[in-house]
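Reading the structure
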Amino acid sequence: MARNKYPEETVKLIVEVATRLFTEKGYDATSLQDIINETKLSKGAIYHHFASKEEIFEVIISRIGEENTIELAKVRDNNSLNGLEKLRCIFKAALFNSNQSLMLTVTPCLLDNPRFLAMQIKQLYQIVAPKFIQPILQQGIEDGTIQTDNPRELAEAIMVLSNVWLNPLVNLADEDSMRNRCTTFNELLRGMGIFALLDDEMIDGYINFCRHNKA
């Protein structure tokens, strides 16, 4: 069998086709055979690069994560903003960038897929909280916009609450429940020295995610 001279192009094709199928049909309704059919590659060519549909999905999520960290870094390193402003901008960037709607479309319910949920939580603890949220909290302590004695632990708590408790892909809430969760989230953070992290626009964004997932 001839050796594939362009493996990167093959991987790119597989990932692009899988992303489109996951978006159109949903992750659970898309089979590996669907991906084989749409790419017009042989089964052997697919399995040469990916052992399963799950591995393809992991690459998609990893690439989205890499793109998101670039945007988060821009906010973290913006010297014109104080700590609290950066924290609010981080949340708005996460809620309203184009990758968020893609994630909501292609990602299955995370409670039914603990492997993917574990991947997300691992990323929160190892990347997002220590490299982005904690430095912003520390800046807020220094400039007086955030009051906390434990920026590391607070960074972790914020990420777990926002990415698990508020995440409609983990536990779908109705619109009233999501609004109540957002209000409670703000109240909890107020007690930890962060005032009104979620504004009305962001709360409406969370509620719209609930509507999207019901559709």
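This one's a predicted model, so the numbers in the text were calculated from it and none came from an experiment. (Residues numbered from 1 in each chain as written. Predicted model: local features only at pLDDT ≥ 70, side-chain atom pairs only at ≥ 80, totals over all residues. Heavy atoms only, no water.)

1. Some words on the layout of surface pockets
Its volume calculated, the largest pocket comes out at about 880 Å³. Lining the largest pocket we find 39 residues, and of these N68, M103, Q120, Q123 and N163 sit closest to its centre. Listing elements by their share of the lining of the largest pocket, those giving two or more residues are α4 (53-76), α5 (83-96), α6 (98-106), α7 (114-143), α8 (151-165) and α10 (200-214). Looking at side-chain class alone, the lining of the largest pocket contains 24 nonpolar, twelve polar and three charged residues. (1 Å grid on protein atoms, 1.4 Å probe; cavity = no way out; pocket = protein on both sides within 12 Å on 5 of 7 lines; lining within 4 Å. Points joined across faces, edges and corners; volume = space filled by probe spheres on them. Helix = DSSP H or I, 4+ residues; strand = E, 2+ residues; numbered from the N terminus. Nonpolar A, V, L, I, M, F, W, Y, C, P; charged D, E, K, R; others polar.)

2. Details of the environment of V59
Secondary-structure assignment places V59 in helix α4. Along the backbone, V59 and V11 are 48 residues apart, and their C-alpha atoms lie at a distance of 9.8 Å. Apart from residues lying up to four places away in sequence, V59 is in contact with V15 and F50. (Contact = heavy atoms within 4.5 Å.)

3. Details of the side chain of T39
By secondary structure assignment, the location of T39 is in helix α2 (residues 32-39). The exposure class assigned to T39 is buried, which follows from its relative accessible area of 9%. At 3.2 Å, the side chain of T39 forms a polar contact with the backbone oxygen of I36. If we ignore the near neighbours within four places in the chain, the residues touching T39 are L13, I14, V17 and I46. (Buried < 20%, exposed > 50% of the residue type's maximum accessible area, 1.4 Å probe, protein only. Polar contact = N/O pair within 3.5 Å; in protein donor to acceptor, adjacent residues only side chain to side chain.)

4. Structural notes on the pattern of salt bridges
For the structure shown, the criterion picks out ten salt bridges. A salt bridge links R115 to E58, with the shortest nitrogen-to-oxygen separation between them at 2.4 Å. You can see R115 sitting in helix α7 and its partner E58 sitting in helix α4, a full 57 residues away along the chain. Looking at E58, the relative accessible area reads 21%, which means it is partly exposed. Each of R20, E24 and E38 takes part in one network of salt bridges that share partners. (Salt bridge = Lys/Arg side-chain N within 4 Å of Asp/Glu carboxyl O.)

5. Considering a nonpolar patch on the surface
Taken together, the side chains of W165, L188 and M192 make up a nonpolar region of the molecular surface, amounting to roughly 240 Å² of accessible area. Following the sequence through the fold, W165 ends up in helix α8. Exposure remark for W165: the relative accessible area of 31% places this residue in the partly exposed category. (Patch = residues over 30% accessible without salt bridge, like charges linked within 9 Å, V, L, I, M, F, W, Y side chains within 5 Å. Areas by Shrake-Rupley, 256 points an atom, 1.4 Å probe, with all protein chains shown as cover.)

6. Looking at α4
Residues three or four positions apart in an α-helix share a direction because the helix packs 3.6 residues into each turn. Taking 1.5 Å per residue as the helical rise, α4 with its 24 residues ought to reach 34 Å, and the 34 Å between its terminal C-alpha atoms agrees with that figure. Within the sequence span of α4, burial applies to K53, I56, F57, I60, I61, I64, G65, L72, A73 and V75. (Expected span 1.5 Å × (residues − 1).)

7. Topic: the packing of α7 against α8
Relative to each other, α7 and α8 sit at 125°, their axes nearing to 8 Å. One element, α7, and the other, α8, form an angle in the oblique class. Taken as a pair, α7 and α8 cross one another with a handedness that is right-handed. Taken together, the residues of α8 that come into contact with α7 (itself represented by Q120, I121, L124, Y125, V128, A129, I133, Q134, L137, Q138 and I141) are P151, R152, L154, A155, E156, I158, M159, V160, N163 and V164. Looking at the contact of α7 with α8 residue by residue, the classes come out as 15 nonpolar, four polar and two charged. (Axes fitted to C-alpha atoms, helices over the stretch in contact; angles between N-to-C directions. Parallel < 35°, antiparallel > 145°, perpendicular 65-115°, else oblique. Left-handed = near helix turned anticlockwise from the far one by under 90°.)

8. Brief notes about the confidence of the model for the protein
Per-residue confidence for the protein gives a mean pLDDT of 88; residues scoring 70 or more make up 93%. Taken element by element, the predicted model of the protein shows its lowest mean pLDDT in α6 (71) and its highest in helix α9 (residues 175-191) (95). (pLDDT = per-residue confidence, 0-100.)

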